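Geometric and topological summary
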Amino acid sequence: MAAISTTIRIKRAYDAPAADDGVRILIDRLWPRGVTKQAARIDHWVKTLAPSTELRKWFNHDPAKWVEFQKRYGAELDARPEAVGELLDLCRDRAVTLVFSARDTIHCNAAFLKPYLEKLLAK
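The notes below deal with the structure included here. Since this is a predicted model, take the numbers as computed values, not measurements. (Residues numbered from 1 in each chain as written. Predicted model: local features only at pLDDT ≥ 70, side-chain atom pairs only at ≥ 80, totals over all residues. Heavy atoms only, no water.)

**Some remarks on the pairing of strand β4 (residues 95-100)**
The element β4 is extensively covered by neighbouring structure, given that 5 of its 6 residues are classed as buried. Summarising the sheet, strand β1 (residues 7-12) and β4 pair through 6 bridges and their orientation is parallel. Bridge assignment links Thr-7 to a residue of β4, and that residue is Ala-95. Across 4 bridges, strand β2 (residues 23-26) lies against β4 in parallel orientation. Across the sheet, Ile-25 pairs through a bridge with Leu-98, a residue of β4. (Buried < 20%, exposed > 50% of the residue type's maximum accessible area, 1.4 Å probe, protein only. Helix = DSSP H or I, 4+ residues; strand = E, 2+ residues; numbered from the N terminus. Pairing = 2+ DSSP bridges.)

Shown next, in the form of structure tokens:
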């Protein structure tokens, strides 16, 4: 198993960027409301790996749907190997912060995507 020399963090778009954020990647399909591009300091916006509109609307940040959301979102990511590969390339050998706008930091796409990417990077 290869050692991971990457640090992946998650952070809300409404939290101030920090010097140790590294590459900041917005992983939402929609731009966060009320956040300017200058304030967000986003390096990459990866809309293609955000949950589909249908999945996002179905989930509606309902913690009771979290387990099923993870299964469905994982299947969506698995169906996009090229886009996942591009994101993995951005994550290799550097600090990365996955930026998202949801209020719930536990039941959100970033909370699933972080370990999903870490698992792939560890292979």
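**Some thoughts on the environment of Gln-70**
Note that Gln-70 resides in helix α3 (residues 66-78). In this structure the C-alpha to C-alpha distance between Gln-70 and Ala-19, which are 51 residues apart in sequence, comes to 31 Å.

**Things to note about the pattern of salt bridges**
Following the criterion strictly, the structure yields 7 salt bridges and no others. Among the ionic pairs, Arg-9 bridges to Asp-20, the shortest N-O distance being 3.9 Å. Separated by 11 residues along the polypeptide, Arg-9 in strand β1 and Asp-20 in the loop between β1 and β2 bring together distant segments of the chain. A salt bridge links Asp-89 to Arg-92; the shortest N-O distance between them is 3.4 Å. Residue Arg-92 is classed as partly exposed on the basis of its relative accessible area of 36%. Through salt bridges with shared partners, one network takes in Lys-11, Asp-21 and Arg-24. (Salt bridge = Lys/Arg side-chain N within 4 Å of Asp/Glu carboxyl O.)

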